[in-house]
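Chain and residue survey
Residue strings, one per chain:
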Amino acid sequence: MRLDSVTKTYGTGENAVTALRGISLDVPRGTFTAVMGPSGSGKSTFLHCVAGLDQPTTGHVHLGDTQLSGLKEAALTAIRRERIGYVFQAYNLMSALTVRQNVTLVARLADMAVDETWLREVLTRVGMHQHVDRRPNQLSGGQQQRVAIARALVTRPDALLADEPTGALDTRTSQEVLKLFRQIVDEIGQTVLMVTHDPVAASYADTVLFLADGQLAGHLNRPSPAQVAERMTRLGDW
Ligand SMILES: Nc1ncnc2c1ncn2[C@@H]1O[C@H](COP(=O)(O)OP(=O)(O)OP(=O)(O)O)[C@@H](O)[C@H]1O
């Protein structure tokens, strides 16, 4: 995944708000990257541009060999379904569907045949293979997030994007989910990009990127939570 001089301005004239100011970045395949920054620093805008949910005002986002900027909405929708997995803070599972149906729906929407062996492997990897017939309201928050991770993985996406994936979980469950992200990076080479406010969560990543006022304000490689917290303090008001 690559960003070349990405800027994003919302609105025009007096009402214009510039959320990203020239972000250039390479996210190597098979790595785990955390994105941190104070409130309003541009994290969500960054994630939306990478996900093809929003287009940069100038600059380009590349997913593998595909340049997202300039693509028509239908092509972007196909990329979002087939090549990007998204994990949300609130899990966003369909309450009327079982675990199995939640996971396979995404593949069906992407017009992909559901390979039973891969489906079983994905559900086993996230530890939910024994709960395939349950519905979300029969699962804990941590279990629901595991299903959401399986759903994001089932299409074998180029990138798994996670927006505050541990924001709704207690400390112990958060750590289990973060270990799971670490495992899918280390064991199946999945590229993961995660926005978080939590220094402990960020410490599971290979690289922690810091955004401030829409610009990259440095990075840390395999930092401890204390090193992340110290950098956060230097960057200002969180
Ligand atoms: N749709 C929009 N229209 C106008 N301004 C927007 C829009 N979305 C975001 N912004 C502005 O862009 C800037 C960056 O917002 P963004 O949501 O990307 O930051 P963030 O780091 O994700 O913040 P938070 O941690 O509070 O979620 C902010 O000034 C915000 O007010």
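Read on for a plain summary of the structure. If you're wondering where the values come from, they're calculated on a predicted model, not measured in any experiment.

**Details of the site of the ligand**
Surrounding the ligand, one finds Tyr10, Val17, Ala19, Pro38, Ser39, Gly40, Ser41, Gly42, Lys43, Ser44, Thr45 and His197. Backbone polar atom of Ser41 to an oxygen atom of the ligand: 3.1 Å apart, as the coordinates give it. Ser44 places a side-chain nitrogen or oxygen 2.8 Å from an oxygen atom of the ligand. Coverage of the ligand by the protein chains reaches 57% of its 640 Å² of free accessible surface. Elements supplying a minimum of two residues to the shell around the ligand: β2 (17-26) and α1 (43-50). Ranked by the residues each element gives to the shell around the ligand, the list is headed by α1, at 3 residues. Counted by class, the shell around the ligand contains 4 nonpolar, 7 polar and 1 charged residues.

**A few points about the sheet that holds strand β9 (residues 207-212)**
As summarised here, the arrangement of the 6 strands in space is β6-β7-β8-β3-β9-β10, forming an open sheet in which the pairing is mixed. The two strands at the open ends of the sheet, each matched to only one other strand, are β6 (84-87) and β10 (215-221). When the angles between neighbouring strand axes are averaged without regard to direction, this sheet yields 20°. Examined bridge by bridge, strand β3 (residues 32-36) and strand β8 (residues 191-195) share 4 bridges and lie parallel to one another.

**Quick word on the packing of helix α3 (residues 99-109) against helix α4 (residues 116-125)**
Between α3 and α4, whose axes approach to 12 Å, the crossing angle comes to 120°. On the basis of the axis angle, α3 is oblique to α4. Note that α3 runs across α4; the crossing there is right-handed. Each of Val99, Arg100, Val103 and Thr104 in α3 lies in contact with α4, whose residues at this interface are Glu116, Leu119 and Leu123. Partitioned by chemical class, the residues of the contact of α3 with α4 number 4 nonpolar, 1 polar and 2 charged.

**Thoughts on the pattern of salt bridges**
Within the structure shown, the criterion is met by 13 salt bridges. Here Arg21 ties to Asp213 by a salt bridge, and the two come within 3.7 Å at their closest N and O atoms. Here Asp213 lies in the loop between β9 and β10 and Arg21 lies in strand β2, a separation of 192 residues in the sequence. Relative accessible area serves as the criterion here: at 35%, Arg21 is assigned to the partly exposed category. Connected via shared salt-bridge partners are Arg182, Asp186, Asp206 and Arg222.

**A word on the nonpolar core**
Counting residues in each nonpolar core, the largest one holds 43 residues, and the members touching the most others are Phe32, Ile149, Leu160 and Phe181. Here Phe32 is in contact with Phe181, Arg182, Val185, Val192, Met194, Tyr204, Ala205, Asp206 and Thr207, once residues within four sequence places are set aside. In this structure, Leu20, Phe46, Leu47 and Ile79 belong to the second largest nonpolar core, which totals 26 residues.

**Here we look at the pairing of strand β7 (residues 159-163)**
Of all 5 residues in β7, 4 are buried; the element is thus mostly enclosed. In terms of strand pairing, β6 meets β7 through 4 bridges, oriented parallel. Among the inter-strand pairings, Ile84 is bridged to a residue of β7, identified as Ala159. Judged from the 5 bridges that link them, β7 and β8 form a sheet pairing that is parallel. Each residue of the ladder has a partner; that of Asp163, found in β8, is Val195. In this region the chain leaves β7, passes through helix α6 (residues 171-188) and returns to the parallel neighbour β8; the handedness of that crossover is right-handed.

**So, the environment of Gly22**
With respect to the element layout, Gly22 can be found in strand β2. Gly22 gets classed as partly exposed once you look at its relative accessible area, which sits at 39%. Residues Gly22 and Gln143, spaced 121 residues apart in sequence, show a C-alpha to C-alpha distance of 38 Å. Residues within four places of Gly22 in sequence aside, it is in contact with Ser5, Val6 and Thr7.

**A short note on the side chain of His131**
By the secondary structure assignment, His131 is in the loop between α4 and α5 (141-153). Beyond its immediate chain neighbours, meaning those up to four positions away, His131 contacts Val99, Leu139 and Gln143.

**Looking at the packing of aromatic side chains**
Under the counting rule described, the total for this entry stands at 2 aromatic pairs. Seen from the ring of Trp118, Arg156 lies directly overhead, with NZ or CZ sitting 4.1 Å from the centre.

So, how was this worked out
Residues numbered from 1 in each chain as written. Predicted model: local features only at pLDDT ≥ 70, side-chain atom pairs only at ≥ 80, totals over all residues. Heavy atoms only, no water. Near = heavy atom within 4 Å. Polar contact = N/O pair within 3.5 Å; in protein donor to acceptor, adjacent residues only side chain to side chain. Areas by Shrake-Rupley, 256 points an atom, 1.4 Å probe, with all protein chains shown as cover. Helix = DSSP H or I, 4+ residues; strand = E, 2+ residues; numbered from the N terminus. Nonpolar A, V, L, I, M, F, W, Y, C, P; charged D, E, K, R; others polar. Pairing = 2+ DSSP bridges. Axes fitted to C-alpha atoms, helices over the stretch in contact; angles between N-to-C directions. Parallel < 35°, antiparallel > 145°, perpendicular 65-115°, else oblique. Left-handed = near helix turned anticlockwise from the far one by under 90°. Contact = heavy atoms within 4.5 Å. Salt bridge = Lys/Arg side-chain N within 4 Å of Asp/Glu carboxyl O. Buried < 20%, exposed > 50% of the residue type's maximum accessible area, 1.4 Å probe, protein only. Core = buried A, V, L, I, M, F, W, Y, C linked by side-chain atoms within 4.5 Å. Right-handed = clockwise from strand over helix to strand, strands pointing away. Phe/Tyr/Trp six-rings, centres within 6.5 Å; stacked < 30°, edge-to-face > 60°. Lys NZ or Arg CZ within 6 Å of the ring centre and 35° of its normal.

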